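Listed here are the chains, written in short residue letters.
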Amino acid sequence: MAAAEIARNAGEGTRSLPLSGHVGFDSMPDQLVNKSVSRGFCFNILCVGETGLGKSTLMDTLFNTKLEGEPTLHNQPSVQLKSHAYELQESSVRLNLTAVDSVGFGDQINKEDSYKPIVEFIDAQFEAYLQEELKIRRTLHSYHDSRIHACLYFIAPTGHSLKSLDLVTMKKLDSKVNIIPVIAKSDAVSKSELAKFKIKISSELVSNGVQIYHFPTDDETVAEINSTMNGHLPFAVVGSTEEVKIGNKMVRARQYPWGTVEVENESHCDFVKLREMLIRVNMEDLREQTHTRHYELYRRCKLEEMGFQDTDPESKPFSLQETYEAKRNEFLGELQRQEEEMRQMFVQRVKEKEAELKEAEKELHEKFDRLKKLHQDEKKKLEEKKKILEDELNSFKQKKTATELLQSQSQSTGGSTTLKKDKERKNFF
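Draft legend 1. Inspection of the overall build of the chain at higher detail. Counting secondary structure elements, the chain contains 10 helices and nine strands. Relative to its full complement of 429 residues, the chain shows a buried share of 30%. Long-range pairs, those at least 24 residues apart, make up 67% of the contacts in the chain with a sequence separation of at least 6.

Below, the structure written as structure tokens:
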């Protein structure tokens, strides 16, 4: 806080002094240019639009080269973001270009969540930059900035109005990226219909609150051309990498049975206007807007979620150390609260389990007592039956013994009678 007051007081007390001779700090712009040229520049473009609108062809036409990418079919199960990085050089200037294509956008039957993968991709690039920025040892000077600087939103040349998918997607993206709407394959619409289509698109964007990127008019050097070009939005473009001989020169064009559409002929399409505004005039402003507006909004929201603020309720500057300590104490308090809740829940579950085990044990004891009593009753019945059987067996044995005795007596008596009869029979003869 003391340092801030010193800096503020120093700024208020600054005086302008004349120089009595050449010092040399007027070479600062040259130093910045040389340093920037040696380091190179980066520019990242996101192309959003339905399959078949010529996104890859337009990118090839913009940078006058053949970028990677193959035509995709209309059978993608979901929207996918494919990124390709290139290193381009023009004169002594190097450009690290990243082209991102939304593959499968608008190809699904249910298009309700088609914008989500795009939003998540943009936020992921912001998050990666924020994490690099929050490191103790930062290397932002050599960090590959993957944040999206411009979004070319391709509109189908229907000639009627914007689709609901277009309005919803642009509304979700306008706070995260610089949107430049373009009417793709504009040679499919007549000039009169195209003018009405542009007016219809602009009115629908305004009525639905969609904030597209407008070329800046605060810089006097480009204010006039940017103000004029803002009136041409959205740009009606045609892309082609094929060269056709027109007169005595070869030009990029598309040939049809009814005629030829020249890509770089401003009376045929707005391709030249798009290239001028996107690359030659406002590329640095797009990069600056991405950092100062869209990234700063993401960064502010993210840090506020983490509990960081610029001032306290008394409008005093926040100390990072105090904020960290407060957030740490809050985190520890929340951790203790969750730990206490988990402990109480564990104790409660242990008590419930003990009660269940006691009830089960009681049921087992009751079942054991019932089985024990049943066993005793069965044993008693068996013993009674056994006693009855033993009594019957003893009685049977006694009867058997008596019967055998009677039989033996009978046999002995019968034998003596037979002998007597035999003796009498002999005496008779």
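Draft legend 2. Just the packing of aromatic side chains, in detail. This structure, assessed with the given rule, holds eight aromatic pairs. Aromatic pair tyrosine 213 and phenylalanine 215: ring centres 5.6 Å apart, planes at 85°, arrangement edge-to-face. Residue classification places phenylalanine 215 among the buried residues on the basis of a relative accessible area of 3%. Through a chain of ring-to-ring contacts, the aromatic side chains of Phe126, Tyr129, Tyr143, Tyr295 and Tyr298 assemble into a single cluster.

Draft legend 3. Main features of the confidence of the model for the chain. The predicted model of the chain averages 85 in pLDDT, with 89% of residues at 70 or higher. For the stretch residues 1–7, pLDDT sits under 50, and the model shows zero contacts to residues farther than four places along the chain or on other chains.

Draft legend 4. Here's a closer look at the sheet that holds strand E1 (residues 41–48). Reading across from one edge, E2-E3-E1-E4-E5-E6 is the order of the six strands in this open sheet, with mixed pairing throughout. Each edge of the open sheet carries a strand with a single partner, namely strand E2 (80–90) and strand E6 (235–236).

Draft legend 5. Focus on a negative patch on the surface. On the surface, a cluster of negative charge is made up of Asp218, Asp219, Glu220 and Glu288. Among the structural elements, aspartate 218 can be located in the loop between helix H6 (191–207) and helix H7 (220–230).

Draft legend 6. Up close: the pattern of salt bridges. A full pass over the atoms with the stated rule returns 21 salt bridges. A salt bridge links lysine 198 to aspartate 270; the shortest N-O distance between them is 2.6 Å. In this pair, lysine 198 is assigned in helix H6 and aspartate 270 in the loop between strand E9 (259–262) and helix H8 (271–281), connecting sequence segments 72 residues apart. Aspartate 270 shares its class with lysine 198; the two are buried. By sharing partners, the salt bridges in this structure join Lys198, Glu266, Asp270 and Lys273 into a single network.

Draft legend 7. Representation of a nonpolar patch on the surface. A cluster of nonpolar side chains, Leu19, Val23, Phe25, Met28 and Leu32, forms an exposed patch at the surface whose accessible area comes to about 550 Å². Tracing the backbone shows valine 23 in the loop between helix H1 (2–12) and helix H2 (28–39).

Draft legend 8. Region of interest: the nonpolar core. Counting 71 residues, the largest nonpolar core has Phe43, Ile45, Met59, Leu152, Phe235, Leu274 and Leu278 as the members making the most contacts within it. For this core, the element with the most residues is helix H4 (residues 116–133), which contributes seven residues. Excluding residues that lie within four positions of it along the chain, methionine 59 makes contacts with Ile45, Cys47, Leu67, Ala99 and Leu152.

Draft legend 9. Seen up close, unusual backbone geometry. With an omega dihedral of -10°, the bond running from leucine 233 to proline 234 counts as a cis peptide bond. The phi angle at serine 91 is positive, at roughly 60°, despite the residue not being glycine. With respect to the helices and strands, serine 91 occurs in the loop between E2 and strand E3 (93–103). Serine 91 sits in the exposed class, given a relative accessible area of 71%. Its identity is not glycine, yet lysine 185 carries a phi of approximately 50°, on the positive side. With respect to the helices and strands, the residue lysine 185 is situated in the loop between strand E5 (179–183) and H6. By relative accessible area, lysine 185 is classed as partly exposed at 40%.

The rules behind these values
Residues numbered from 1 in each chain as written. Predicted model: local features only at pLDDT ≥ 70, side-chain atom pairs only at ≥ 80, totals over all residues. Heavy atoms only, no water. Helix = DSSP H or I, 4+ residues; strand = E, 2+ residues; numbered from the N terminus. Buried < 20%, exposed > 50% of the residue type's maximum accessible area, 1.4 Å probe, protein only. Contact = heavy atoms within 4.5 Å. Phe/Tyr/Trp six-rings, centres within 6.5 Å; stacked < 30°, edge-to-face > 60°. pLDDT = per-residue confidence, 0-100. Pairing = 2+ DSSP bridges. Patch = residues over 30% accessible without salt bridge, like charges linked within 9 Å, V, L, I, M, F, W, Y side chains within 5 Å. Areas by Shrake-Rupley, 256 points an atom, 1.4 Å probe, with all protein chains shown as cover. Salt bridge = Lys/Arg side-chain N within 4 Å of Asp/Glu carboxyl O. Lys, Arg positive; Asp, Glu negative; His and termini not counted. Charge placed at Lys NZ, Arg CZ, Asp CG, Glu CD. Core = buried A, V, L, I, M, F, W, Y, C linked by side-chain atoms within 4.5 Å.

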